[in-house]
Amino acid sequence: MDRKQLQYQVACMRKSLFDQGYLDEQFNQLEDLQDEANPNFVEEVVTLFYSDSARFIHNIEQAMINKPNIDYGKLDDYMHQFKGSSSSFGAKKVKKECSQFRECCSAGNIEGCIKTFRQLKLEHATLKRKLETYFQLVKQAGIAERR
């Protein structure tokens, strides 16, 4: 595939991530910080998020095991951190699920927490797959550009 085709694919995929509600304006702001000195900045931020989020997911799962003695304050604290981390690169759907989870915590609704957490993990995994594909295309376009 030539450079123009790859660049077009990258642009289309990026647009679809926004159109489908996976990413928000924060992602654009991160991209604005990327430059020649750090050409993989956005990918590194996203990779760091996914490595940190595994810990958040584990902590939340462990905190929800303690039924019926759920510490909603602790759950909310974990999810607050997860939401902040998600917001840092514009993970819009993940952030939305974090907010819904926190609402369930405030209401003391463990079933709502469980349902929302399942959806959050699904959105988290879906975005990860989509971004891995996106960054792979970005790399291919960059390699084609250097030829």
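Remember, it's a predicted structure, so these values are computed and weren't measured experimentally. (Residues numbered from 1 in each chain as written. Predicted model: local features only at pLDDT ≥ 70, side-chain atom pairs only at ≥ 80, totals over all residues. Heavy atoms only, no water.)

**Student:** Break down the overall build of the protein for me, citing the residues and quoting the values.
**Tutor:** Scanning the protein for helices and strands turns up six helices and zero strands. Starting at the N terminus and walking to the C terminus, you meet the elements of the protein as α-α-α-α-α-α. For the protein, the C-alpha atoms occupy an extent of roughly 60 × 30 × 20 Å along the three principal directions. Across the 147 residues that make up the protein, the buried fraction comes to 37%. Restricting to contacts in the protein with at least 6 residues of sequence separation, those with at least 24 account for 67%. Across the protein, the mean location of the 22 positive side-chain charges is 5 Å away from that of the 21 negative side-chain charges. (Helix = DSSP H or I, 4+ residues; strand = E, 2+ residues; numbered from the N terminus. Buried < 20%, exposed > 50% of the residue type's maximum accessible area, 1.4 Å probe, protein only. Contact = heavy atoms within 4.5 Å. Lys, Arg positive; Asp, Glu negative; His and termini not counted. Charge placed at Lys NZ, Arg CZ, Asp CG, Glu CD.)

**Student:** Please provide a residue-by-residue account of the nonpolar core, values included.
**Tutor:** Membership of the largest hydrophobic core comes to 39 residues, with the highest contact counts inside it found for Met 64, Phe 82, Phe 89, Phe 101, Leu 127 and Leu 131. Mapped onto this core, the elements with two or more residues apiece are helix H1 (3–19), helix H2 (25–33), helix H3 (41–65), helix H4 (72–87), helix H5 (92–107) and helix H6 (110–146). If you tally residues by element for this core, the top one is H6, at 11 residues. Contacts of Leu 127, omitting those with residues within four sequence positions, involve Tyr 22, Leu 23, Tyr 50, Phe 89, Ala 91 and Val 94. (Core = buried A, V, L, I, M, F, W, Y, C linked by side-chain atoms within 4.5 Å.)

**Student:** So, the UniProt feature "modified residue: Phosphohistidine" (unreviewed entry) in the protein: which residues are in play, and what are the values?
**Tutor:** Under the feature "modified residue: Phosphohistidine" (unreviewed entry), the UniProt entry names His 80. Judged by relative accessible area, His 80 falls into the partly exposed class, the value being 46%. (UniProt positions renumbered as here; feature names shortened; annotations may be inferred.)

**Student:** With reference to specific residues and values, describe the UniProt feature "domain: HPt" (unreviewed entry) in the protein.
**Tutor:** UniProt annotation of "domain: HPt" (unreviewed entry) refers to residues 38–134 when read in the numbering used here. For the annotated span residues 38–134, helix accounts for 85% and strand for 0% of the residues, and the straight-line distance between the end C-alpha atoms is 18 Å.

**Student:** Before we move on, can you summarise the side chain of Thr 116 with the specific residues and values?
**Tutor:** Looking at where Thr 116 falls in the secondary structure, it is placed in helix H6. Excluding its chain neighbours within four sequence positions, the residues that come into contact with Thr 116 are Glu 97, Gln 100, Phe 101 and Cys 104.

**Student:** So what's going on with the packing of H4 against H5? Residues and values would help.
**Tutor:** Orientation of H4 relative to H5, taken along the N-to-C sense of each, is 165 degrees, at an axis distance of 9 Å. Regarding the angle of H4 to H5, the classification is roughly antiparallel. By crossing handedness, the relation of H4 to H5 is classed as left-handed. Where H4 approaches H5, its residues Tyr 72, Leu 75, Asp 76, Met 79, His 80, Phe 82, Lys 83, Ser 86 and Ser 87 are matched on the opposing element by Val 94, Lys 95, Cys 98, Ser 99, Phe 101, Arg 102 and Cys 105. The residue makeup of the contact of H4 with H5, split by class, is eight nonpolar, four polar and four charged. (Axes fitted to C-alpha atoms, helices over the stretch in contact; angles between N-to-C directions. Parallel < 35°, antiparallel > 145°, perpendicular 65-115°, else oblique. Left-handed = near helix turned anticlockwise from the far one by under 90°. Nonpolar A, V, L, I, M, F, W, Y, C, P; charged D, E, K, R; others polar.)

**Student:** Go over the packing of aromatic side chains with me, naming the residues and quoting the values.
**Tutor:** Evaluated as defined, the whole model comprises eight aromatic pairs. Seen from their ring centres, Phe 49 and Tyr 50 are 4.8 Å apart, and the 80 degrees between their planes marks the pair as edge-to-face. The pair Phe 49 / Tyr 50 is uniform in exposure class, with both members buried. Relative to Phe 89, the ring of Phe 49 lies with its centre 4.9 Å away and its plane at 55 degrees, an arrangement referred to as tilted. In this pair, Phe 49 sits in helix H3 while Phe 89 sits in the loop between H4 and H5, placing the two residues 40 residues apart along the sequence. On the basis of relative accessibility, which here comes to 2%, the residue Phe 49 falls in the buried class. By way of ring pairs, the aromatic residues Phe 49, Tyr 50, Phe 56, Phe 82 and Phe 89 are connected into one cluster. The ring of Phe 56 carries the charged tip of Arg 55 above its face, separated from the ring centre by 4.9 Å. (Phe/Tyr/Trp six-rings, centres within 6.5 Å; stacked < 30°, edge-to-face > 60°. Lys NZ or Arg CZ within 6 Å of the ring centre and 35° of its normal.)

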